[in-house]
Amino acid sequence: MGVMESSIKTSEAPLSRDDLARLVARDIAPGSFVNLGIGQPTLVSNYLTEDQDITLHTENGMLGMGPEARGDEIDEDLINAGKIPVTELPGASYFHHADSFAMMRGGHLDICVLGAFQVSVTGDLANWHTGAPGAIPAVGGAMDLATGAKDVFVMMTLLTREGASKIVESCTYPLTGVGCVTRVYTDKAVFLTGPAGITVRETFGCTLEELQELVPVPLKAAAAA
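Residues numbered from 1 in each chain as written. Predicted model: local features only at pLDDT ≥ 70, side-chain atom pairs only at ≥ 80, totals over all residues. Heavy atoms only, no water.

## Brief notes about the environment of Gly91
Here Gly91 shows up in strand 5 (residues 86–94). In this structure, the C-alpha to C-alpha distance between Gly91 and Arg161, residues 70 residues apart in sequence, is 42 Å. (Helix = DSSP H or I, 4+ residues; strand = E, 2+ residues; numbered from the N terminus.)

## Focus: helix 2 (residues 97–105)
Of the residues making up helix 2, those classed as buried are Ser100, Phe101 and Met104. Buried residues of helix 2, seen end-on, are gathered within an arc of 95° and therefore sit on one face of the element. Tucked into the core, helix 2 has its buried residues touching strand 3 (55–58) and helix 3 (142–148). The positive-phi residue at the C-terminal boundary of helix 2 is Gly107, with phi of around 80°. (Buried < 20%, exposed > 50% of the residue type's maximum accessible area, 1.4 Å probe, protein only. Arc of directions from axis to C-beta. Contact = heavy atoms within 4.5 Å.)

## Topic: the confidence of the model for the protein
Considering every residue of the protein, the mean pLDDT works out to 92; 96% of them sit at 70 or more. Every residue in residues 1–6 is under pLDDT 50, and counting partners more than four places away or in other chains gives 18 contacts. (pLDDT = per-residue confidence, 0-100.)

## Things to note about helix 1 (residues 17–27)
Taken together, the buried positions of helix 1 are Leu20, Ala21, Leu23, Val24, Ala25 and Asp27. In this structure, the buried side of helix 1 is in contact with strand 6 (111–114), strand 9 (151–155), strand 11 (181–185), strand 12 (189–194) and strand 13 (197–204).

## Remarks on the sheet that holds strand 10 (residues 167–168)
Reading across from one edge, 8-7-10 is the order of the three strands in this open sheet, with mixed pairing throughout. Looking along the sheet, the strands with just one partner apiece sit at the ends: strand 8 (125–126) and strand 10. Of the pairings in the sheet, the one linking strand 7 (residues 118–120) to strand 8 comprises two bridges and is antiparallel in character. Each residue of the ladder has a partner; that of Gln118, found in strand 8, is Ala126. (Pairing = 2+ DSSP bridges.)

## A look at the pattern of salt bridges
Applying the stated rule across the entire model yields eight salt bridges. Here Glu68 and Arg70 are joined by a salt bridge, their closest N and O atoms 3.8 Å apart. Glu68 gets classed as partly exposed once you look at its relative accessible area, which sits at 27%. Between Lys150 and Asp110 there is a salt bridge, and its shortest N-O distance comes to 3.4 Å. (Salt bridge = Lys/Arg side-chain N within 4 Å of Asp/Glu carboxyl O.)

## Thoughts on the nonpolar core
The biggest cluster of nonpolar side chains holds 32 residues, and the ones touching the most others in it are Leu125, Ile167, Phe191, Leu211 and Leu219. Core analysis: the second largest hydrophobic core is formed by 25 residues, Val34, Leu43, Ile54 and Leu56 among them. (Core = buried A, V, L, I, M, F, W, Y, C linked by side-chain atoms within 4.5 Å.)

## Notes on the packing of aromatic side chains
Applying the stated criterion across every chain, the model contains two aromatic pairs. Centre to centre, the rings of Phe117 and Tyr173 are 6.1 Å apart; their planes meet at 90°, and the pair counts as edge-to-face. Note that Phe117 is positioned in the loop between strand 6 and strand 7 and Tyr173 in the loop between strand 10 and strand 11, a separation of 56 residues in sequence. Ring centres 5.7 Å apart and planes at 55° place the aromatic pair Phe153 and Tyr185 in the tilted group. Placement of the pair is Phe153 in strand 9 and Tyr185 in strand 11, with a sequence separation of 32 residues. Assessed through its relative accessible area of 3%, Phe153 is described here as buried. Under the relative-accessibility criterion, Tyr185 is labelled buried at 0%. (Phe/Tyr/Trp six-rings, centres within 6.5 Å; stacked < 30°, edge-to-face > 60°.)

## Focus: unusual backbone geometry
Not every positive phi belongs to a glycine, and Asp53 is a case in point at roughly 55°. Summarising the element assignment, Asp53 is placed in the loop between strand 2 (33–36) and strand 3. Judged by relative accessible area, Asp53 falls into the exposed class, the value being 55%. Within the chain, Lys83 stands out as a residue other than glycine whose phi angle is a positive 65°. Mapped onto the fold, Lys83 is located in the loop between strand 4 (62–68) and strand 5. Of the residues examined, Lys83 reaches a relative accessible area of 70% and is grouped as exposed.

As structure tokens, then:
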């Protein structure tokens, strides 16, 4: 189905949620302004280092968000968009919700990290509604982030509970954004999207050939950096 290469980096086991968050955090360029979406992406804040000098934005009105708050650090009035208690870093600031969305829509974020139900081979994103009867849509600010951020990273499990790939030829769920996703982090591999289709940067617990058996679109190894 796809173009197979053997030079790709392969780890022995699939990644846990925390391992994946650690990997995403490592890949964020120093000095970036970043928004972390609800769900798995919130874990990334726990693995950013001081040397990276990352400024985290949360859409409910804060710049300079720190890691998740624990124990005596918890202030119930200081939460992120996912209602998780967080800490603040020196220089943190607060502002109106409308100002927060102006930052998102105005192209001021370098990266947003979002969860997803599906990502297409061309980088289309579906993450707010499965379209199932009775399902509650949860769009939040995802459309604004997907359109406004310079890069969109997705964090998700590769397969659904039924074993279907969330990377697809074309999204069957309502779209959040068109051609917006640049990178997809999953428990089994890191995928890069672009005009040439999907390439695989590294795999976890499987070979590229085994990964291709799970994903219904052509895959090839990314060129060595």
